[in-house]
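# Coordinate inspection notes
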Amino acid sequence: MAREAAPKVQTIDPAAIEMIKRAEELGYSTVFSRAAKMPACPIGAEGACCQICNMGPCRLVPTKSNPDPVGVCGATRATVAARNMARHIAAGTAAHSDHGRDLIFTLQAVAEGASQGYELRDLAKLNTVAGYFGVKTDGKKPEQIAGEIAALAIGDMARQKGTLTYTKRAPKKRQEIWAQLGILPRGVDREVVDTLHRTHMGDDQDADHLMLGSLRTALADGWGGSMMATDLSDILFGTPSPLVTKVNLGVLKSDEVNIVIHGHEPTLSEMIVRVVNEPELIELAKSKGAKGVALCGVCCTANETLMRQGVPSAGNDLNQELAIITGAVEAMVVDVQCIMQSLSDLSTKFHTKLITTSPKVMISGATHMEFDEHHALDIARQIVRVAIENYPNRKQTEIPTHLSDLVPGFSHEYIRYMMGGVLRGSFRPLNDAVMTGRLRGVAGVVGCNNPRVTHDQAHFDIVKEFLKNDVLVVQTGCGALANAKYGLLVGEAAMEYAGPGLREVCEAIGIPPVLHMGSCVDNTRILTVLTEMASEGGLGDDISDIPGVGIAPEWMSEKALAIGAYFAASGVYVLFGVNSPVENSDEVTKIMSEGWEKIVGGKMEFVPDPMEIVRRSLAHIDAKRAALKLPAYDPAKFGKSGDWRMRELLKQPLEERVNALYGMPVAAE
Ligand code: NFS
């Protein structure tokens, strides 16, 4: 099915609308205008193009006279679609896991006393992770424990035989399924190499077998590289807990030096957070006419620093160019992943310095200031200085005023804590809420934006529907930033959008109806939550029993496909929006849905219509409830707890509200 080059409505983000208009007036292209000019290649979009050898590239497009074409080598549409998908998943796994590897090296440098600026900030998490790796902690210094963890984590990256350590964190039943299917991942690197080898010309040519191998590679991401990235980031920078911060382009300051951090790894951005308010740098900024230095982020670097330090976010993936178009960004500092090459040319049209920092990522036209954990603080200071020196070059600016509050920071540790405190924290109340039907189920709505569909619209519409239907939503990545912009990630959203049962749960615990769980590597926190729910009792004994779904409504990156595949392999029904990259093969479409459901209990479907995604999700949640013999979902059963009164009260002035609640006037100031 050919798809539109771009939607009629580009975005629902009011700040983005203003900046797209500004770009048009100035005659500059954006991802939105380029998408409209560049229709997606209909052959590649469906997984019908094979480029793996020079006898092609072959286009396996069915015609009337040749309804089932094969490539020059005889490769079928199923083999080609499966090989392409397998390579996407391997690339996504490589990206996430290499991010994890960099954190292992940072942890190792800290253990050896060779890093600058880093410390072991969360010793409780250090001990927990030591437990996962079987590292004894008694009588050892934290640095020694960290060193042993780092060595074992490197071992897991490079493991040739045996099984990745973290797969043991999955429910027992799940591990048995993986063992029976022969898809327990070995080392992270080995699985990526395995996929690249078997998709080379003349290797694996059985779509079923290729897709089974993909599940193993994806598991190496979810229960390996990504999960380690999350854990080690928590040890080094702290395990997130809720805080209040802001999102959207309105976070940029008209009278301060603006530095936007962009990419994925928290290693450098955390150091910039540390130095940005040092007195000498503030003095320097003042000497250049600025009031101070303001830091914000886009994409997942934003999510990392937002979750832990409350650094505001200028928005999600499709906001990256728009931040520069404000004319108010002195430096955009990028590391790895999701960085558009257009930033380089765009930044020359303004005064913005685009600074690349990763040894893996250089962009023509950008300034390269290479990051090294051994001199992290020095490099961070140099970068901030470059931004400050650039402030006098700022010309006319136009900063949208739109910004919203959000409450991020819902690590799985915090979710456990919030339901019972330090001594009685558990997942019991969450399971009980699902079992009674107060919550119909749970949904993870994650992933990117894509200019082929209206920016943020599907994220917003799908989540609103879930909330209305008493489905508790967790979000990560650009999806979380999308709905943060529209006010769904604050407590008040429960009053506005939640169904009666979900509202009661939010009121009782004091949480927003949408929980921000972090960056995309932090999707592994969702795996941990699901495992905890499966082990708590009452909702079966495996992830596949839980009434829940995973959605990536506006996906675009290969990492998203890796995430989708590891959730499916873990037993989750996963729905992707936009379009299907395996549409050219009914066989592969079926393998990933019915086929995977039979063998791993989870599946992956591509459904362009957001409301159809909701319909299928709710049907799945209800079917899982029925399988568990839980009461059928009944929205009329809950919501009479009395807290609803608060809504009416909130409309009254503070004094009357306190009077109504406590029968006493507010004390005069
Ligand atoms: Ni995830 Fe994060 Fe955003 Fe998509 Fe890119 S920033 S790792 S890939 S675009 S959600």
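Model, not experiment: these values are computed from the prediction. (Residues numbered from 1 in each chain as written. Predicted model: local features only at pLDDT ≥ 70, side-chain atom pairs only at ≥ 80, totals over all residues. Heavy atoms only, no water.)

Attention now goes to the sheet that holds strand β13 (residues 514–516). In spatial order, the strands read β13-β12-β11-β14-β15-β16; together these 6 strands make up an open sheet with parallel pairing. The two strands at the open ends of the sheet, each matched to only one other strand, are β13 and β16 (603–606). For this sheet the average axis-to-axis angle between neighbouring strands, irrespective of direction, equals 20°. Alignment of strand β15 (residues 573–576) against β16, held across 4 bridges, turns out to be parallel. Bridged to L575 within β16 is E605. (Pairing = 2+ DSSP bridges. Helix = DSSP H or I, 4+ residues; strand = E, 2+ residues; numbered from the N terminus. Axes fitted to C-alpha atoms, helices over the stretch in contact; angles between N-to-C directions.)

Another aspect to go through is the side chain of S344. Within the secondary structure, S344 is located in helix α14 (residues 342–349). Contacts of S344, omitting those with residues within four sequence positions, involve L354, I363, S364, G365 and A366. (Contact = heavy atoms within 4.5 Å.)

Let us now look at the side chain of D545. Relative to the assigned elements, D545 resides in the loop between α23 (523–536) and β14 (548–552). Buried charge D545 goes without a salt bridge, the closest partner of opposite sign being K173 at 4.5 Å. Within the local environment of D545, its side chain forms a polar contact with the backbone nitrogen of D541, the two atoms lying 2.9 Å apart. Once you skip the residues sitting within four places of it in the chain, D545 turns out to touch K173, L539, G540, K624 and L628. (Buried < 20%, exposed > 50% of the residue type's maximum accessible area, 1.4 Å probe, protein only. Lys, Arg positive; Asp, Glu negative; His and termini not counted. Salt bridge = Lys/Arg side-chain N within 4 Å of Asp/Glu carboxyl O. Polar contact = N/O pair within 3.5 Å; in protein donor to acceptor, adjacent residues only side chain to side chain.)

In this section: empty space enclosed by the protein. Using the criterion set out here, one finds 5 cavities of 30 Å³ or more in the structure. In this model, the largest cavity occupies a volume close to 360 Å³. Every residue lining the largest cavity is counted, 38 residues in all, and those nearest its centre are A443, G444, V474, I526 and V549. Among the elements of the structure, α16 (412–418), β11 (441–445), β12 (471–475), α22 (500–509), α23, β14, α24 (558–569) and β15 are those that each provide at least two residues to the lining of the largest cavity. Sorting elements by how many residues they give to the lining of the largest cavity places β14 first, with 5 residues. Grouping the constituent residues of the lining of the largest cavity by class yields 30 nonpolar, 8 polar and no charged. (1 Å grid on protein atoms, 1.4 Å probe; cavity = no way out; pocket = protein on both sides within 12 Å on 5 of 7 lines; lining within 4 Å. Points joined across faces, edges and corners; volume = space filled by probe spheres on them. Nonpolar A, V, L, I, M, F, W, Y, C, P; charged D, E, K, R; others polar.)

With that settled, consider the site of the ligand. Around the ligand sit H264, C299, C300, D317, C338, G447, C448, C478, C520, M556, S557 and K559, and that is every residue in its neighbourhood. Within the shell around the ligand, the residues separate by chemical class into 7 nonpolar, 3 polar and 2 charged. Counting contributing residues per domain, the shell around the ligand is built from domain 2 (245–393) and domain 3 (412–634), each supplying no fewer than three. (Near = heavy atom within 4 Å. Domains from an automatic or database assignment.)

All right, on to the coordination of the nickel atom of the ligand then. A lone protein donor contacts the nickel atom of the ligand, and this donor is C520 (SG), found at 2.2 Å. Coordination geometry of the nickel atom of the ligand: the 4 donor atoms subtend angles of 90 to 161° at the metal centre, consistent with an arrangement described as irregular. Considering the arrangement of structural elements, one finds C520 in the loop between β13 and α23. (Donors = N, O, S within 2.8 Å, 3.2 Å for Na, K, Ca; no water. Tetrahedral: all angles 85-135°; square planar, octahedral: opposite > 155°, others 65-115°.)

We now examine the domain arrangement of the chain. According to the domain assignment, the chain consists of domain 1 (77–237), domain 2 (245–393) and domain 3 (412–634). Taking the mean C-alpha position of each, domain 2 and domain 3 sit 32 Å from one another. Every contact between the two is made by 18 residues of domain 2 and, on the other side, 21 residues of domain 3. Of the roughly 1500 Å² buried between domain 2 and domain 3 on both sides combined, carbon and sulfur atoms contribute 66%. Interface area lost by domain 2 to domain 3 is led by M307, N316 and L318, which between them contribute 36%. At the junction of domain 2 and domain 3, the tally comes to 0 salt bridges. The interface formed by domain 2 and domain 3 contains 12 residue pairs in polar contact (both at pLDDT 80 or more). If you list the elements that add at least two residues to the side of domain 2 that touches domain 3, you get α12 (299–309) and β6 (313–315). Here the element with the most residues in the side of domain 2 that touches domain 3 is α12; it accounts for 7 residues. (Buried area = accessible area lost by both parts, 1.4 Å probe.)

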